[in-house]
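# Commentary on secondary and tertiary structure
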Amino acid sequence: MTPSEIKVPSLEEIRKHLVLFDYIDGERTPPTVELGSFVYNPSTGEPIASQKATSPEQLERALQTASRLHQTGMWANIPPEVRAEILEHAANHLMTLVPVIAAIESYTTGVILSTTHFVNNIVWLAFKAAAGVLRQGYTVSKVPGPCGDVEILRKPRGVAVAIVPWNSPAALAAHKVANALAAGCPVILKPSEWAPYSCLLLVEGLEAAGLPRGLFQIVNGGAEVGQRLVNDPRTRAVSFTGGLQGGRAVAAACAHDFKSVQLELGGNNAMIVLADADIEKTADGIVSSLITLNGQWCRALGRLLIHETIYEPVLETALQKLRALRVGDALDPETQLGPLANPVHKTRVEAAIRELEVKGARIHVTASVPTYGFYLSPTLLTDANPQDTVEEIFGPVAAIHPFRTDEEAIELANQSPYGLGGYVFSADEEHAFHIARRLRTGGVKINGVSLLELNVDAPRPAWGLSGFGEEGTFETFDVFCGKSVVGVAAR
Ligand code: NAD
């Protein structure tokens with residue numbers, strides 16, 4: 001589908017969905033605690049509403065509801081096929097909501113419409129995939145024992161908590177929620193305080209599917225509410241996507257009473273451009289990996305490593321393409337790059353660029369951007385010390401370093417403490433494979449940068465500071481399950 005073919009809901013329609021609510025034990029109630037900041041339309045810079053959090057009393061109600069439902073076993077003991085059927089109904093309903101979810105996200109995160117539309121197909125696909133895991137009989141497997149079969153049972157761990165960031169909230173939430181429910185866990189979702197609205201649409205899908213009340217709940221707020229959920233001993237499994245600081249706090253809380261935890265954190269992803277790479281295609285890859293989700297993508301380009309013999313033409317071609325980008329309102333189908341998500345994040349990204357400039361980096365600012373809103377021109381940095389460019393910036397910003405040998409390229413790529421994505425461009429795929437296999441990172445794409453996975457059922461691993469516990473169709477399901485092995489002993 002081309003951007004101009006996407007049906008854009010009217011602003012009036014979008015605004016109808018900008019009413020925040022907690023969803024606790026099947027009831028929608030307004031959150032009451034003021035957080036002292038705003039949710040914005042980043043394309044214009046206008047505040048939409050004040051950020052709100054769920055009160056401690058309501059949070060307690062949500063935890064009590066989830067815990068009670070887990071103890072009754074009413075969801076865990078439903079046959080997997082029936083759970084699958086409900087999730088499939090939810091998927092069918094959520095499919096119809098994709099245009100609205102996408103428009104809400106473009107309006108509140110600044111990510112352009114073609115991307116939010118594409119990414120939010122994951123919302124319904126996640127429910128279908130989780131149902132598929134149940135349909136395959138994944139909850140019970142058998143191995144031979146001394147006296148007949150030994151059963152390996154996957155059982156729900158208990159109350160599950162899903163915490164998501166602002167860059168692609170509904171799709172990330174759907175993946176976690178669908179898997180928690182498929183595994184048999186009551187789940188509490190906490191969206192980001194910066195972009196909570198699109199996640200609320202999951203309620204419509206799950207209500208339409210007839211999910212028993214209380215099994216899916218939403219609470220609102222920032223780090224404090226997230227931390228309370230994670231600290232609570234009734235919570236038994238946590239899936240968190242966000243930054244390193246939050247990830248470390250969540251990991252520490254889960255360590256206390258050994259909760260199951262999945263952490264999907266940041267990345268500072270390298271692209272290695274070998275001497276024989278096609279310059280046009282590589283430059284397209286650079287632009288795309290830099291501007292997807294306005295550069296606020298965990299697998300976005302962070303460090304561009306170019307063979308010294310093609311350094312100049314690759315840099316020049318990439319700069320030309322970046323200068324030609326149309327930057328503007330995320331809801332305009334012609335826009336290729338939107339703004340950063342919020343003013344705090346923009347300040348953070350600008351400070352990171354300034355810090356590198358002070359340390360001696362040369363800054364190449366590219367496309368012209370509107371003076372209102374939270375826009376940032378895609379920026380390439382040259383002449384920085386590689387030691388100074390190992391941290392994630394999370395914007396359309398990449399540092400460029402030349403290299404001479406394969407060994408040098410691999411060393412530079414593996415220098416970052418993160419390990420989520422990576423890219424290699426070369427005319428010789430065998431050579432690219434040879435290098436890609438040696439990168440200490442979760443996934444490497446050769447000659448491409450698409451948001452699409454190489455295979456939807458392949459795991460999405462994270463190395464180093466990028467996280468803990470793999471994501472994936474079966475991997476995320478497993479976060480919410482414990483195993484029991486049952487069989488007749490040898491006599
Ligand atoms: P963030 O860590 O500030 O917030 C993420 C979510 O966690 C929010 O809902 C926030 O309220 C909550 N939170 C923050 N601190 C918490 C704490 N101590 N305890 C519990 N909850 C807490 O991240 P962000 O700024 O919203 O998102 C940007 C980060 O997310 C980037 O680092 C990016 O790389 C990462 N990210 C990773 C992936 C991935 O799949 N690996 C995907 C998207 C984003």
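Whatever comes next refers back to the structure up there.
Worth saying up front: this structure is predicted, and the values here are computed from it rather than measured.

## Let's talk about the overall build of the chain
Counting secondary structure elements, the chain contains 15 helices and 22 strands. In terms of C-alpha radius of gyration, the chain reaches 23 Å, essentially the compact-globule figure of 23 Å for 491 residues. Out of the 491 residues in the chain, the part that is buried amounts to 57%. Taking the contacts inside the chain whose residues are at least 6 apart along the sequence as the reference set, 74% of them involve residues at least 24 apart. Only carbon and sulfur atoms are counted for the fraction: they give 54% of the accessible area of the chain, which is about 19,800 Å².

## A few points about the site of the ligand
Among the 27 residues in the neighbourhood of the ligand, the closest are listed as V164, Q227, G243, L265 and E392. Within the backbone of V164, an N or O atom sits 2.8 Å from an oxygen atom of the ligand. Within the side chain of E193, an N or O atom sits 2.8 Å from an oxygen atom of the ligand. Summarising the interface, the protein chains cover 89% of the accessible area of the ligand, which totals 840 Å² for the free molecule. Of all elements in the fold, only α8 (223–231), β10 (235–241) and α9 (244–256) reach the threshold of two or more residues within the shell around the ligand. Split by residue class, the shell around the ligand holds 13 nonpolar, 10 polar and 4 charged.

## Considering the pattern of salt bridges
Across all of its chains, the model carries 24 salt bridges by this definition. For K16, the salt bridge is made with E13, and the minimal N-O distance between the two is 3.0 Å. Here K16 and its partner E13 are both found in helix α1 (residues 11–16), 3 residues apart, which amounts to about one turn of the helix. The salt bridge involving R28 is made with E207; its shortest N-O contact spans 3.1 Å.

## Some points on the nonpolar core
Among the nonpolar cores identified, the biggest contains 67 residues, and F127, V177, L181, L189, L202 and F216 are the most heavily contacted of them. When residues of this core are traced back to their parent elements, those giving at least two are α3 (80–109), α5 (121–135), β7 (159–163), α6 (169–183), β8 (187–190), α7 (201–208), β9 (216–218) and α15 (473–479). With 13 residues, the top contributor of residues to this core is α3. Each residue touching L202, except ones within four places of it in the same chain, is listed here: L94, V123, F127, A173, A174, V177, L189 and F216. Counting residues in hydrophobic clusters, the runner-up holds 33 residues, among them L319, V327, L337 and A367.

## Quick look at the side chain of D22
Relative to the helices and strands, D22 is located in strand β1 (residues 22–24). Looking at D22, its side chain comes within polar contact range of the side chain of T54, at 2.6 Å. Once residues lying within four places of it in the same chain are set aside, the contact partners of D22 are E27, R28, T29, P30, P31, T54, I218, V219 and N220.

## Re unusual backbone geometry
Phi at N294 is positive, roughly 55 degrees, even though this residue is not glycine. With respect to the element layout, N294 can be found in the loop between α10 (279–291) and β13 (301–307). We classify N294 as buried; its relative accessible area is 2%. For D383, which is not a glycine, the phi torsion comes out positive at approximately 65 degrees. With respect to the secondary-structure elements, D383 resides in the loop between β15 (379–382) and β16 (397–403). When its relative accessible area of 52% is taken as the criterion, D383 is described as exposed.

Basis of the calculations
- Every chain's residues receive numbers from 1 upward, in the order its sequence appears when written.
- Totals for whole chains, interfaces and linings use all residues, but because this is a predicted model, local features are given only for residues with pLDDT of at least 70 and pairs of side-chain atoms are given and counted only at 80 or more.
- To get the side-chain values, all heavy atoms of the structure are used, and hydrogens and water are removed first.
- Secondary structure elements are defined from DSSP: runs of H or I of at least 4 residues count as helices, runs of E of at least 2 residues count as strands, and each element is numbered from the N terminus.
- Our radius of gyration looks at C-alpha atoms and nothing else; its globule reference is 2.2 Å times the residue count to the power 0.38.
- Relative accessibility under 20% of the residue-type maximum defines a buried residue, over 50% an exposed one, and the middle range a partly exposed one, all with a 1.4 Å probe and only protein chains included.
- By definition, residues are in contact when any of their heavy atoms lie within 4.5 Å.
- To be clear on the numbers: accessible area is Shrake-Rupley with a 1.4 Å probe, and residue cover counts the displayed protein chains and nothing else.
- One heavy atom within 4 Å of a molecule or strand makes the whole residue count as near it.
- Distance and chemistry together define a polar contact, namely a pair of N or O atoms within 3.5 Å, with one atom able to donate a hydrogen and the other to accept it when in protein, and with adjacent residues in sequence counting only for side-chain atoms on both sides.
- Nonpolar residues are Ala, Val, Leu, Ile, Met, Phe, Trp, Tyr, Cys and Pro. Charged residues are Asp, Glu, Lys and Arg, and all others, Gly as well, are polar.
- What counts as a salt bridge is simple: a side-chain nitrogen of Lys or Arg found within 4 Å of a carboxyl oxygen of Asp or Glu.
- Remark: nonpolar core denotes a set of buried residues (Ala, Val, Leu, Ile, Met, Phe, Trp, Tyr, Cys) joined through side-chain atoms within 4.5 Å.

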